[in-house]
Amino acid sequence: MKTGLVLEGGAMRGMYTAGVLDVLLEKGIEFDGIMGVSAGALFGPNFLSKQPGRVIRYNKRFIRDKRYKGWGCLLREGNLFSSGFAYGEVPRRLDVFDDETFKKSGVPFYAVVTGLESGEPEYMEIKSVFDDMDKLRASGSMPFVSRPVEIEGKLYLDGGVADSVPYEAMEKMGYGRLAVILTRDMDYRKKPMPALPIKLCFRSYPRFRDKLLKRHETYNRSVARLRELEERGKVFVIRPSEPIEIGRVESDPEKLQQVYELGLKDGAAAADRLAEFLKG
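Remember, it's a predicted structure, so these values are computed and weren't measured experimentally.

The backbone of Ser 38 sits at a positive phi, close to 55°, despite the residue not being glycine. As for its position among the elements, Ser 38 is in the loop between strand E2 (33-37) and helix H2 (39-43). Its relative accessible area of 5% is what places Ser 38 among the buried residues. Even without being a glycine, Glu 152 presents a positive backbone phi close to 50°. Position of Glu 152 among the secondary structure elements: in the loop between strand E5 (149-151) and strand E6 (154-158).

Burial analysis of strand E3 (residues 109-115) places seven of its seven residues in the buried class, which makes it a mostly covered element. Here E3 shows a buried face lined by Phe 109, Ala 111, Val 113 and Gly 115 and a second buried face lined by Tyr 110, Val 112 and Thr 114. Taken together, the five bridges between E3 and strand E4 (residues 121-125) define a ladder with antiparallel strand orientation. In the strand pairing of E4, Val 112 is matched with Tyr 123.

Glancing now at the layout of surface pockets. By volume, the largest pocket amounts to about 310 Å³. Among the residues forming the lining of the largest pocket, the class breakdown is 10 nonpolar, no polar and seven charged. Taken as a whole, the second largest pocket encloses approximately 260 Å³ of empty space. Lining the second largest pocket are 16 residues, with Ala 162, Asp 163, Glu 168, Thr 218 and Ser 222 positioned closest to its centre. Here the lining of the second largest pocket takes four residues from helix H12 (residues 215-231), the largest share from any one element. Looking at side-chain class alone, the lining of the second largest pocket contains seven nonpolar, four polar and five charged residues.

Time to look at empty space enclosed by the protein. Going through the model one piece at a time under the given rule, you end up with five cavities of 30 Å³ or more. In this structure, the largest cavity occupies an estimated 340 Å³ of space. Looking at the largest cavity, it is lined by 23 residues, and the ones nearest its centre are Leu 42, Phe 43, Tyr 58, Tyr 68 and Tyr 87. Elements represented by at least two residues in the lining of the largest cavity include exactly H2, helix H3 (45-48), helix H4 (54-62), helix H6 (85-94) and helix H8 (133-139). Of the residues forming the lining of the largest cavity, the biggest block, four residues, is contributed by H6. When its residues are assigned to classes, the lining of the largest cavity shows 18 nonpolar, four polar and one charged. What lines the second largest cavity is a set of 15 residues, among which Glu 8, Gly 9, Gly 10, Arg 13 and Arg 215 lie closest to the centre. Counted by class, the lining of the second largest cavity contains three nonpolar, five polar and seven charged residues.

Thresholds, definitions, all that
- Throughout, residues of each chain are indexed from 1 in the direction in which the sequence is written.
- The model is predicted, so local features are restricted to residues of pLDDT at least 70 and side-chain atom pairs to those at 80 or more, both for listing and for counting; the totals for chains, interfaces and linings are taken over all residues.
- Processing note: side-chain calculations cover all non-hydrogen atoms of the structure and skip hydrogens and water entirely.
- A run of H or I in DSSP becomes a helix once it reaches four residues, and a run of E becomes a strand once it reaches two; helices and strands are each numbered from the N terminus.
- Partly exposed residues are those whose accessible area sits between 20% and 50% of the maximum for their type, while under 20% is buried and over 50% is exposed, using a 1.4 Å probe and protein chains only.
- In this analysis, strands are considered paired if DSSP registers two or more bridges between them.
- A pocket, in this scheme, is an open set of points on a 1 Å grid over the protein atoms alone with protein on both sides within 12 Å along at least 5 of 7 lines, while a cavity is a set where a 1.4 Å probe fits but cannot get out; residues line either one if an atom lies within 4 Å of a point.
- Grid points are joined across faces, edges and corners, and a volume is the space filled by probe spheres set on the points.
- Asp, Glu, Lys and Arg are counted as charged, while Ala, Val, Leu, Ile, Met, Phe, Trp, Tyr, Cys and Pro are counted as nonpolar; the rest, among them Gly, fall into the polar class.

Given below as structure tokens:
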């Protein structure tokens, strides 16, 4: 039975995922396939490139750099996180991503994106982080603070709008034994977003608009079903043992470090049980 790993998004809450993944990498825990959403898609490849510590390192280094993130980036190019610096200079030159090791892993990695016209999720395979950077960028392009990313003539935004925790998609791909890393604690329930900005900003894309308006409902249903599967021993879930209180675009390096360390702690507590679960 093929094993799969699903990585929820959550922007800077993804430091939690980075911490958990670094523990799993240290423990030698492997998967037959991985699927990430938004921050999960952006940070997850470092697991396959075998670069522990890289995610927290470069984010702490650049999170206050105006070339990396900020209102200046948003005004200049329409993206809160600079497409040229954050997705280009950093992984290619300033804190180099090991794309060759990623490709040699032989493990399929999928990034979830949401079609702006269709409002539906798509699951795009990342064969090379550098060659497929637009797919990763699309997955992590948050509505309102990102320009849609064009891929093969179609526009895409944040995969979390249509499928925040894509364990069902992985099941359909044939991964029968799944682990899921969430970035929200057990008690979290998503609340509706203010409707007016959504209706104004996405009036030309009614399917995407409607999906965003109902995102809290679909997210809460998805997590509720995931919890049922977890209780029946069908999936293995690692979630924050305490609420993560940072903002989605947190700029305090020490707060990022605290979230990362929570991931290390929870990952260490779960690693042995996860290894047994994956053995079946």
